[in-house]
Amino acid sequence: MAKVLYITANPKTSERSYGLAVGQAFIEAYRQANPGDEIVHLDLFKSDIPTIDIDVFNGWDKLSHGEQLDGEERRKVERINALTDQFVEADKYVFVSPLWNLSIPPIMKTYIDNICVAGKTFMYTENGPVGLLKGKKAVHIQASGGVYSRGPAREMEFGNRYLTALLRFMGVTDVESIFVEGMDYNPAEADNIKQKAIAEAREKALIFAKDPVRV
């Protein structure tokens, strides 16, 4: 049995969000294909995701010197440890996020800062950093009003490219992307764009559920 971590970063509901609607279709298709797998939903907008601030830095520094942490330092450091452990323990990842101002939402960046931890998800070597999350795979579903996965705006897309790069940095080299995009450019076709993305998500969910990791 595999553990799937379903990570969403959108304050809207699936009825109001193209990305979440596609993500929901992906998860439903995956669950039908692999009913025995455990799927854990982490809604970043409804979760405690600590910002890497002075409490965290002080807490890490005290831990390295064997000193006691105060209340906020301990709470934040323990939460970061829990989020990192949860990420490490998962076998597969499904990310859903909108493209905001050409990148991922701030809460997603904060989450990445929580889980990109030396010694847990990557390590430093004499030849440079090496990812520790080998043998895992991920899907990123991204929604945007414009078209950024291809064409002239491709160079301004820093959401999917950033997340894919960070996953590979941590050793997750098998990363698939699903884009639902262009709804604001062509509102008359918005529903068709959504339905095509849902069909793609269902198809790729079956592959994600059954196929081995691509190295």
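For the structure, check the block above.
These notes cover the structure that comes with them. Keep in mind that what you see is a predicted model, and the values were worked out from it rather than measured. (Residues numbered from 1 in each chain as written. Predicted model: local features only at pLDDT ≥ 70, side-chain atom pairs only at ≥ 80, totals over all residues. Heavy atoms only, no water.)

## Observations concerning the side chain of E73
Next, step 1: Position of E73 among the secondary structure elements: in helix 3 (residues 71-89).
Next, step 2: Non-local contacts of E73, meaning those with residues more than four positions away in its chain, are made with D55, N58, G59 and K62. (Helix = DSSP H or I, 4+ residues; strand = E, 2+ residues; numbered from the N terminus. Contact = heavy atoms within 4.5 Å.)

## Topic: the pattern of salt bridges
Next, step 1: Applying the stated rule across the entire model yields 12 salt bridges.
Next, step 2: The salt bridge involving E73 is made with K62; its shortest N-O contact spans 2.9 Å. With a gap of 11 residues between them, E73 in helix 3 and K62 in helix 2 (residues 54-64) connect regions that are remote in the sequence.
Next, step 3: Three or more residues are tied together by salt bridges with common partners; here these are D48, D53, D55, E72, R75 and K76. (Salt bridge = Lys/Arg side-chain N within 4 Å of Asp/Glu carboxyl O.)

## Observations concerning the pairing of strand 3 (residues 92-98)
Next, step 1: Where burial is concerned, most of strand 3 is hidden: seven out of the seven residues are buried.
Next, step 2: Here strand 3 shows a buried face lined by K92, V94, V96 and P98 and a second buried face lined by Y93, F95 and S97.
Next, step 3: In this structure, strand 1 (residues 3-8) lies alongside strand 3, joined through five bridges in parallel fashion. If you follow Y6 over to strand 3, its bridge partner there is V94.
Next, step 4: Pairing geometry for strand 3 and strand 6 (residues 137-144), over seven bridges, is parallel. Residue pairing in the sheet places K92 in a bridge with K137 of strand 6. (Buried < 20%, exposed > 50% of the residue type's maximum accessible area, 1.4 Å probe, protein only. Pairing = 2+ DSSP bridges.)

## Things to note about the packing of helix 3 against helix 4 (residues 106-115)
Next, step 1: Following both chains from N to C, one finds helix 3 and helix 4 inclined at 85°, their axes separated by 8 Å at the closest point. In terms of orientation, helix 3 and helix 4 fall into the roughly perpendicular class. Contacts from I80, L83, T84 and F87 of helix 3 reach helix 4 at Y111, N114 and I115.
Next, step 2: Grouping the amino acids of the contact of helix 3 with helix 4 by side-chain chemistry returns five nonpolar, two polar and no charged. (Axes fitted to C-alpha atoms, helices over the stretch in contact; angles between N-to-C directions. Parallel < 35°, antiparallel > 145°, perpendicular 65-115°, else oblique. Nonpolar A, V, L, I, M, F, W, Y, C, P; charged D, E, K, R; others polar.)

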